[in-house]
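Take a look at the letters that make up each chain.
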Amino acid sequence: MSTYQFQTEVAQLLHLIIHSLYSHKEIFLRELISNSSDALDKLKYLTYTDDAYRGISFDPRIDISFDKDAKTLSVSDTGIGMNQADLVENLGTIARSGTRAFVEQLTGTARKDANLIGQFGVGFYSSFMVAHKVVVTSRKAGEEAAWQWTSEGKGEYEITEAARETQGTTVTLFLNDEGTEFTNHWTIDRIIKKYSNHIPFAIHLHYEDSRWEGEGDNRKEIKEQKVEKINDGTALWKKSKSELKTEDYNEFYRVISHDSEDPMLHVHTVAEGTMDYTTLFYVPRKAPMDLYFADFKPGVKLYVKRVFITDDDRELMPTYLRFVRGIIDSEDLPLNVSREILQQNRTLAKIRTTSVKKLLGEFQKLSEDAEKYDAFYREFGRPLKEGLYSDYENREALMELVRFKSTAVDGYTGLAAYKGRMKPDQKAIYYITGEKEANLRQSPLIEMYREKGIEVLIADDELDDIVLGYVHTYKDTELKSVNRSDAAEDIKSEQDRAEEKTAEPLIARMKEILKDQVKDVKASTRLTGSPSCIVVDQSDPTVQMQGILKAMGRMDGGQVKPILEINPNHPIIKILETTTDEERVRDVSFILLEQAMLIEGVKLENPAEFVKRLNRIMEHAV
Ligand code: ADP
């Protein structure tokens with residue numbers, strides 16, 4: 001017998017599950033059945049693809065039994081099974097770093113959020129909600145030895161050698177007070193029908209039936225052991241759409257996603273003709289917790305003629321659609337093909353292409369309902385923006401789906417809506433990028449646009465800068481960043497040009513004073529209320545982008561120097577033009593630059609100098 005410690009995160013997870021999911025405790029049965037179903041899927045695949053397993057006697061089934069007096073409940077399968085090393089690896093550790101990070105984070109403030117936990121799938125460990133001890137007996141297909149894993153869920157577990165007649169796994173729960181309600185035929189029957197009806201393997205429930213026979217003194221109770229197949233047992237996606245109700249789809253979703261909520265939408269497609277395949281996709285209500293982790297778990301499973309092939313193939317969907325859950329089942333792919341070769345398979349590539357178009361079409365349909373789309377967009381807007389630069393083929397469709405905040409409307413708006421609001425002579429779609437929405441809305445860079453009633457998109461997501469810079473045009477209309485030097489040129493009227501002031505001698509002096517800090521000093525035409533602003537040169541990365549490049553270690557050399565624009569109509573500039581005190585001109589020039597940088601969210605390199613300058617000016621002013 002060997003004793004092992006749970007990985008720290010497993011212990012944390014156990015604690016969390018027990019303390020936050022107690023109101024959903026019946027899901028433990030769904031999780032165990034789902035694991036059994038996966039194990040049967042895996043062995044089924046091997047019997048088709050691997051000669052070593054072809055001869056194996058394989059009767060795929062799941063059996064559930066319970067004992068009211070002993071307070072036990074068992075879920076048994078004839079699936080792939082686990083050997084000693086597998087037991088340690090699978091039931092003692094959390095493999096994915098993303099999941100580990102999530103658990104770490106959950107131990108903080110979000111501790112009580114059952115929804116969050118539900119979202120990433122509690123799996124096997126949910127058994128400890130209803131059991132004070134769990135025993136797993138397993139024998140791996142193709143191996144002789146069987147192993148028994150035992151734990152009370154308190155930091156450690158034991159593994160001993162055991163015996164088992166066939167390959168597969170039996171999980172036996174020694175129920176606690178919370179769990180005794182599950183030693184009831186009808187309770188189990190109900191839970192299986194509710195959560196696991198469409199598991200594509202037969203689930204048998206073993207129970208004792210009793211009835212009374214005879215009269216008077218001869219009357220006695222007859223007890224009989226019975227086995228009953230509880231679930232439907234056919235793959236849900238193979239049923240015709242007319243047969244299926246939303247509730248059926250939702251129930252299947254909960255099984256494959258481990259989500260405790262219903263999905264936002266489902267898309268069931270049966271393709272027949274040149275290619276035969278079925279897809280069933282779901283969009284969750286909440287973004288999966290590992291959406292932004294490098295080792296996210298893909299949400300789409302691949303089947304070939306109902307045989308499960310893989311659930312860990314990231315090529316089944318483009319990365320930006322990694323939040324989609326569901327299955328692809330192809331009739332045309334060969335069963336005995338390796339997963340590596342599948343990745344280059346043309347049939348699969350075609351299924352993927354049409355699936356992506358189908359999904360984007362569904363999102364477009366969803367966008368007709370503003371409220372629903374808003375809920376969708378809040379969760380998945382960011383990945384869609386990733387698609388804008390990663391999926392050239394679908395860029396047009398994606399452009400219709402992305403949303404931004406705007407100076408013209410509350411909430412989010414799309415590019416089509418913006419275009420509809422454009423002034424007759426407006427040349428481009430304008431946007432401002434930067435860190436905080438509130439700051440952007442008050443930025444001097446958009447003063448003139450506001451004055452002329454020209455809408456500016458508030459692109460406050462750090463991705464926006466990259467994405468919008470990449471897109472260039474929307475339906476022949478250019479997209480222009482107001483953070484750049486030339487964007488102000490095309491909104492100027494003839495009158496603006498006629499009235500333009502230059503402030504030339506002052507500008508020459510300022511250029512000399514700030515020559516190490518800026519690329520250029522110019523008279524601005526975009527400012528009305530503010531004395532100065534900074535913009536970046538046409539081909540330089542914006543301030544926002546510089547931050548991203550730096551974080552990625554992709555920016556060598558120092559900060560890209562900005563262009564300082566000053567407002568010749570502003571009183572400060574007017575007074576400065578006539579000031580002869582060189583020290584004063586120097587201080588004010590620096591402050592004009594530094595305040596413009598602060599507004600753009602740029603950190604000052606030398607705040608102490610800034611404060612000194614400011615104090616000298618204040619001393620003079622008070
Ligand atoms: P998940 O199913 O989300 O991976 P679990 O904690 O439920 O997480 O299970 C961890 C792992 O243990 C599974 O991925 C699987 O490899 C293994 N496992 C669990 N139950 C079984 C079973 N009945 N048969 C074979 N392997 C199993």
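Calculation rules
- Residues numbered from 1 in each chain as written.
- Predicted model: local features only at pLDDT ≥ 70, side-chain atom pairs only at ≥ 80, totals over all residues.
- Heavy atoms only, no water.
- Helix = DSSP H or I, 4+ residues; strand = E, 2+ residues; numbered from the N terminus.
- Rg over C-alpha atoms; globule rule 2.2 N^0.38 Å.
- Buried < 20%, exposed > 50% of the residue type's maximum accessible area, 1.4 Å probe, protein only.
- Contact = heavy atoms within 4.5 Å.
- Areas by Shrake-Rupley, 256 points an atom, 1.4 Å probe, with all protein chains shown as cover.
- Lys, Arg positive; Asp, Glu negative; His and termini not counted.
- Charge placed at Lys NZ, Arg CZ, Asp CG, Glu CD.
- Core = buried A, V, L, I, M, F, W, Y, C linked by side-chain atoms within 4.5 Å.
- Near = heavy atom within 4 Å.
- Polar contact = N/O pair within 3.5 Å; in protein donor to acceptor, adjacent residues only side chain to side chain.
- Domains from an automatic or database assignment.
- Buried area = accessible area lost by both parts, 1.4 Å probe.
- Nonpolar A, V, L, I, M, F, W, Y, C, P; charged D, E, K, R; others polar.
- Salt bridge = Lys/Arg side-chain N within 4 Å of Asp/Glu carboxyl O.
- Pairing = 2+ DSSP bridges.
- Axes fitted to C-alpha atoms, helices over the stretch in contact; angles between N-to-C directions.

The next subject is the overall build of the protein. Looking only at helices and strands, one finds 22 helices and 23 strands in the protein. The globule rule puts the C-alpha radius of gyration for 622 residues at 25 Å, and the 33 Å found for the protein is more than 25% above it. With respect to the three principal axes, the spread of C-alpha positions in the protein is 120 × 55 × 55 Å. The buried share among the 622 residues of the protein stands at 52%. Counting only contacts in the protein whose residues sit at least 6 apart along the sequence, the fraction spanning at least 24 positions is 72%. Here the protein displays about 29,600 Å² of accessible surface, and carbon together with sulfur accounts for 48% of that area. Between the averaged position of the 84 positive side-chain charges in the protein and that of its 105 negative side-chain charges there is a distance of 2 Å.

Our focus in this paragraph is the nonpolar core. Ranked by size, the top nonpolar core spans 79 residues in total, and within it L321, F323, F363, F376, L384, Y430 and Y449 carry the most contacts. For this core, the element with the highest residue contribution is helix 10 (residues 346-366), accounting for 7 residues. Beyond its immediate chain neighbours, meaning those up to four positions away, F363 contacts V283, L321, F323, Y373, F376, L384 and L401. Y125, V134, I159 and L205 belong to the second-largest nonpolar core, a separate cluster that totals 48 residues.

What follows is about the site of the ligand. In the vicinity of the ligand, the contacting residues are N35, S36, A39, K42, D77, M82, N90, L91, G123, F124 and T169. Here a nitrogen atom of the ligand and a side-chain polar atom of D77 are 2.9 Å apart. F124 is positioned such that a nitrogen or oxygen atom in its backbone is 2.7 Å from an oxygen atom of the ligand. For the ligand, whose accessible area on its own is 540 Å², the fraction buried by protein is 77%. The set of elements that each furnish at least two residues to the shell around the ligand consists of helix 2 (27-49) and helix 4 (84-92). Among the elements that take part in the shell around the ligand, helix 2 stands out by supplying 4 residues, more than any other.

Before going further, it helps to examine unusual backbone geometry. Backbone geometry places R306, a non-glycine residue, at a positive phi of 75°. Checked against the element boundaries, R306 lands in the loop between strand 12 (300-304) and strand 13 (307-310). Positive phi, normally seen in glycine, also occurs at K475, with a value near 45°. K475 gets classed as exposed once you look at its relative accessible area, which sits at 53%.

Now for the domain arrangement of the protein. For the protein, the assigned domains are domain 1 (2-223), domain 2 (236-366), domain 3 (403-491) and domain 4 (499-537 + 551-622). Once you take the C-alpha centre of each, domain 3 and domain 4 turn out to be 25 Å apart. Listed per partner, the contact involves 12 residues of domain 3 and 17 residues of domain 4. Taken together, the two surfaces of domain 3 and domain 4 that pack against each other cover about 1,300 Å², and 47% of this comes from carbon and sulfur. Inspection of the domain 3/domain 4 interface yields 9 residue pairs in polar contact (both at pLDDT 80 or more). Counted by class, the side of domain 3 that touches domain 4 contains 5 nonpolar, 3 polar and 4 charged residues.

Okay, the pattern of salt bridges next. Under the counting rule described, the total for this entry stands at 43 salt bridges. R61 is paired through a salt bridge with D63; the nearest N and O atoms lie 2.6 Å apart. Relative accessible area serves as the criterion here: at 23%, R61 is assigned to the partly exposed category. Judged by relative accessible area, D63 falls into the buried class, the value being 17%. Here R322 makes a salt bridge to E386, at a shortest N to O gap of 2.9 Å. One end of the pair, R322, is in the loop between strand 13 and strand 14 (325-330); the other, E386, is in helix 11 (residues 370-390), and 64 residues separate them in sequence. Accessibility assignment for this pair places R322 and E386 in one class, buried. Where salt bridges share partners, they join R382, K385, D461, E462 and D464 into one cluster.

To continue, consider the sheet that holds strand 1 (residues 2-5). Spatially, 9 strands are ordered 1-6-5-4-7-3-2-8-9 in an open sheet, and the strand pairing comes out mixed. In this open sheet, the two strands that pair with only one neighbour each are strand 1 and strand 9 (220-229). For this sheet, the mean inter-axis angle between neighbouring strands, taken without regard to orientation, is 20°. Looking at chain direction, strand 1 and strand 6 (residues 156-162) are connected through 4 bridges and run antiparallel. Within the sheet, the bridge partner assigned to T3 lies in strand 6 and is E158. Strands strand 1, strand 4 (131-139), strand 5 (146-151) and strand 6 of the sheet are contacted by helix 4, whose axis makes an angle of about 155° with strand 6. The strands touched by helix 7 (residues 185-196) are strand 2 (62-67), strand 3 (72-77), strand 8 (203-213) and strand 9; relative to strand 8, the strand with the most contacts, the crossing angle is about 150°.

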